[in-house]
Amino acid sequence: PSNAGAVQLSWREFLLNGELEAALSNYLRFGPEESGVQAVLEDLHDVISLVKAKAYNRAERALARIEHRPDWFDWAGFETSFSALREASAALDERDTTAVSEIIARARHPLFSAEVCNIRGTALIFEGDFEAARAEFDRCLEVDPKHYRAVTNLGNAALEAGDLDGAIAYYQRAINLNGDFPNAHHNLGVAWRKKGNIAKSISALKAGQRAQQRFEQAEAREQLGKMTRRVTGGSGSKYLKWGLYALVAAAVYWFLSSRGTI
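Below you will find a few notes about this structure. Everything numeric in this text was worked out from a predicted model, so none of it was measured.

## Considering unusual backbone geometry
In step 1: Phi at lysine 54 is positive, roughly 60°, even though this residue is not glycine.
In step 2: As for its position among the elements, lysine 54 is in the loop between α3 (37–52) and α4 (56–64).
In step 3: Despite not being glycine, arginine 95 shows a phi value in the positive range, around 60°.
In step 4: Turning to its location among the elements, arginine 95 is positioned in the loop between α5 (75–93) and α6 (97–104).

## Some words on the pattern of salt bridges
In step 1: Evaluation of the coordinates by the stated rule reveals 10 salt bridges.
In step 2: Among the ionic pairs, aspartate 93 bridges to lysine 54, the shortest N-O distance being 3.3 Å. Separated by 39 residues along the polypeptide, aspartate 93 in helix α5 and lysine 54 in the loop between α3 and α4 bring together distant segments of the chain.
In step 3: For aspartate 93, a relative accessible area of 47% gives the class partly exposed.
In step 4: Taking the relative accessible area as the measure of exposure, lysine 54 reaches 32% and is therefore partly exposed.
In step 5: In this structure, arginine 139 and glutamate 136 form a salt bridge, with 3.1 Å as the shortest nitrogen-oxygen distance. Residue arginine 139 and its partner glutamate 136 are located together in helix α8 (residues 130–143), separated by 3 residues, close to a single helical turn.

Procedures and definitions
Residues numbered from 1 in each chain as written. Predicted model: local features only at pLDDT ≥ 70, side-chain atom pairs only at ≥ 80, totals over all residues. Heavy atoms only, no water. Helix = DSSP H or I, 4+ residues; strand = E, 2+ residues; numbered from the N terminus. Salt bridge = Lys/Arg side-chain N within 4 Å of Asp/Glu carboxyl O. Buried < 20%, exposed > 50% of the residue type's maximum accessible area, 1.4 Å probe, protein only.

This is the structure:
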């Protein structure tokens, strides 16, 4: 075989390269068995997945819950980069691309390299430089082929360029990667509407609404768990816990009803 002489990287080397899934897969296959390694890699994977979903509050709580922090991982650099990504994402929401460029330079941890490229690419879209944006999204996908937001952003760039078929293909690819990503469904609906297929447009927009509801419900459940632990100290009255569940459920129902989505 052509790769017979290829050198197999260790899980530590994959981790240093920013390839977390490969690091975890390699560790599970080859080891050696070291206490706590699998749990740490899985916890980091949870944090990265939440950052990819732009669920920064939940990602912060997931990071705070990691108690075992071995010295073979750069925790300080990881947390500094996490904070920079969070700030850059907020600046991006404000369309402040100058601030994004300055802030994102602080996000240097290799595990966040894909997200850095995605944020830079999004800022370039806002600046109207679609060619440079596509290059950033392609770099993102080289690091993380499953980065569904980068795929969606490639669809956005295609949509802006008037390539409706290309945009639809990208949005569908993003949905195949993560069917719970609301933006991909919504933007697919926009693309189908521009193409003149109203039925497919409505179907995609409704799917986007359902995905958004699931995201908001997950956020509410996470916040409820935080409230319950704070009020009960982790072992308080079951009646208080269920009372909080009912309160949050009522709040979620009211919110969704007010938006006409129930």
